[in-house]
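If you want the building blocks of each chain, they are given just below.
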Amino acid sequence: MKWTKRGLLFEPKRYALPNGCTAFAQSPQALVFDDFVRIYFSTRSRDVGGQYLSHVSFVEVDKTLRRVIRTATGSVIPLGALGCFDEHGIFPMNVVRAGDAIHAFTCGWSRRVSIPVETAIGRAISHDEGLTFQRLGPGPVMAASPNEPFLVGDPFVLVRDAVWHMWYIYGTDWQESLSDPGPVRVYKVAYASSQDGLAWRRNGIPIISDTIGPDECQALPTVFEHDNAWHMYFCYRYATDFRTNSARGYRLGYARSADRVTWIRDDGQAGIDVSDEGWDSEMLCYPHVFRCEEHLYMLYNGNRFGRDGFGVAVLER
């Protein structure tokens with residue numbers, strides 16, 4: 001793998017987004033149409049108490065991924081109701097076509113008292129070609145289980161041969177930290193399958209090996225087929241001291257598989273790393289790989305977890 005970076009594709013501060021959002025375009029996820037590509041992302045506003053809320057928005061770009069056409073003018077999917085798993089935000093939202101429908105798998109989050117956040121995975125469907133989405137119900141389709149005690153989220157879904165495949169994350173540990181503001185979390189990538197996208201079979205076993213120790217945090221897997229093999233990108237970081245210490249912040253990991261279930265990690269073959277300077281010189285995170293026309297593109301966030309927007313890279317042939 002060798003990726004050529006093109007730089008920032010979308011900067012949220014340059015556009016008027018719904019819900020008063022002016023910063024962050026996190027976890028970009030693409031949906032390809034005949035004449036354009038719609039890219040969903042999570043952005044942020046603040047509630048009356050000054051705390052962040054995560055909203056889903058989108059931007060449409062031309063199929064060369066060089067020109068912004070328009071941005072969303074209204075809410076894509078509202079926040080969850082009081083007490084629901086997605087009361088305080090959705091981040092990220094993965095969108096997939098299945099049959100004639102456009103489905104969304106959401107990572108909803110809500111605040112907690114002893115820890116900052118809990119997450120679960122919801123499902124929604126669109127009746128207007130992906131402009132808006134409606135939940136299948138107020139609760140999640142995947143949440144904490146006996147072997148996955150918390151922080152189930154970051155879904156990436158593909159449908160192949162009438163089977164729904166999901167790669168996602170779940171939490172393995174919460175730890176007190178002297179170097180961070182409050183407890184820190186550890187989470188790993190796992191796999192689940194389903195016949196209908198609602199009832200999921202999973203075993204709570206991580207599928208990606210650690211390279212920086214058992215407290216490595218793995219997030220946001222993206223999976224694609226290329227050259228008769230399956231490939232996964234994800235981001236990983238240290239559990240502590242990662243917000244201001246760039247050496248411990250997110251980087252992109254890479255793994256390869258023949259069957260979509262058993263993966264061999266080889267970050268040395270990722271073909272992309274932080275730049276020497278600029279918007280992605282300290283961090284790479286939240287990758288999403290997709291095919292458009294004859295090219296494979298990667299959308300990703302850089303420094304400060306995507307506060308300044310997201311960029312694009314193209315796979316060299």
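Here, the structure is the one placed above.
Every chain begins its residue count from 1, and numbering advances along the sequence as written. Confidence filtering applies because this is a predicted model: local features only for residues at pLDDT of at least 70, side-chain atom pairs given and counted only at 80 or more, and all residues used for totals across whole chains, interfaces and linings. Hydrogens and water molecules were not included; the side-chain quantities draw on all heavy atoms of the structure.

Is there a simple way to explain the overall build of the protein in this structure?
Only runs of H or I of at least four residues qualify as helices and only runs of E of at least two qualify as strands under DSSP, and these elements are numbered from the N terminus. For the protein, the count of helices and strands is one helix and 20 strands. Throughout, radius of gyration means the C-alpha value; the globule benchmark is 2.2 Å times the number of residues raised to the power 0.38. Computed over its C-alpha atoms, the radius of gyration of the protein comes to 18 Å, within 12% of the 20 Å expected for a compact globule of 317 residues. The dimensions of the protein, computed from C-alpha atoms along their principal axes, are 50 × 45 × 45 Å. For every residue, the accessible area (1.4 Å probe, protein chains only) is compared with the maximum for its type, and the residue is labelled buried under 20%, exposed over 50%, or partly exposed between those bounds. Out of the 317 residues belonging to the protein, those deemed buried represent 57%. Two residues qualify as a contact provided that any one of their heavy atoms is within 4.5 Å of a heavy atom in the partner residue. Contacts in the protein between residues far apart in sequence, at least 24 positions, make up 53% of those at least 6 positions apart. In these tables, accessible area is a Shrake-Rupley quantity obtained with a 1.4 Å probe, and a residue counts as shielded only by the protein chains included in the view. Per element, the accessible surface of the protein, about 13,700 Å² overall, is 49% carbon and sulfur. In the protein, which carries 33 positive and 37 negative side-chain charges, the distance between the mean positions of the two groups comes to 3 Å. The convention is simple: Lys and Arg are positive, Asp and Glu are negative, and His and the chain ends are not counted. Where a charge lies is defined by one atom per residue type, namely NZ (Lys), CZ (Arg), CG (Asp) and CD (Glu).

How do you make sense of the pattern of salt bridges when you look at a structure like this?
Any two side chains of opposite charge can pair, given that their charged atoms come close. Just to be clear on terms, a salt bridge is a Lys or Arg side-chain nitrogen sitting within 4 Å of an Asp or Glu carboxyl oxygen. Using the criterion set out here, one finds 12 salt bridges in the structure. Taking the shortest distance from any N to any O, the salt bridge between Asp210 and Lys188 comes out at 2.8 Å. Residue Asp210 is located in the loop between strand E13 (200-202) and strand E14 (217-226), and its partner Lys188 is located in strand E12 (residues 184-194); the two are separated by 22 residues in the primary sequence. Exposure remark for Asp210: the relative accessible area of 35% places this residue in the partly exposed category.

So what exactly am I meant to see when it comes to the sheet that holds strand E15 (residues 229-237) here?
Each strand in a sheet pairs with its neighbour through backbone hydrogen bonds, running either in the same direction (parallel) or in the opposite one (antiparallel). In spatial order, the strands read E14-E15-E16-E17; together these four strands make up an open sheet with antiparallel pairing. Of all the strands in the sheet, the pair left with one neighbour each is E14 and strand E17 (264-265). Strand pairing is assigned whenever DSSP detects at least two bridges linking the two strands.

Help me understand the sheet that holds E13, please; the structure alone is not making it clear to me.
Read across the sheet, four strands follow the order E10-E11-E12-E13 without closing on themselves; strand pairing throughout is antiparallel. With partners counted over all chains shown, the strands left at the sheet margins are strand E10 (150-160) and E13, one partner each. Neighbour-to-neighbour, the strand axes of the sheet open up by a mean angle of 30°, direction not taken into account. As paired strands, strand E11 (residues 163-175) and E12 are joined by 11 bridges and run antiparallel to one another. Residue Trp174 lies in a different strand from E12, and its bridge partner there is Arg185. Angles here are taken between N-to-C directions and fall from 0 to 180 degrees, while the axes themselves are lines fitted to C-alpha atoms, restricted in helices to the stretch in contact.

Please explain the nonpolar core as it appears in this structure.
Proteins that are soluble and globular tend to have nonpolar side chains buried together. Trp3, Trp167, Met232, Tyr250 and Trp263 are the most contacted members of the largest nonpolar core, which has 50 residues in total. Tallying contributions element by element places E15 first for this core, with six residues. Non-local contacts of Trp263, meaning those with residues more than four positions away in its chain, are made with Trp167, Ile207, Ile208, Val223, Trp230, His231, Met232, Ala255, Arg256 and Ser257. Formed by 19 residues, the second largest nonpolar core is a distinct cluster that contains Phe10, Ile39, Leu299 and Val314. The nonpolar core is taken to be a set of buried Ala, Val, Leu, Ile, Met, Phe, Trp, Tyr and Cys residues, with the residues joined through side-chain atoms within 4.5 Å.

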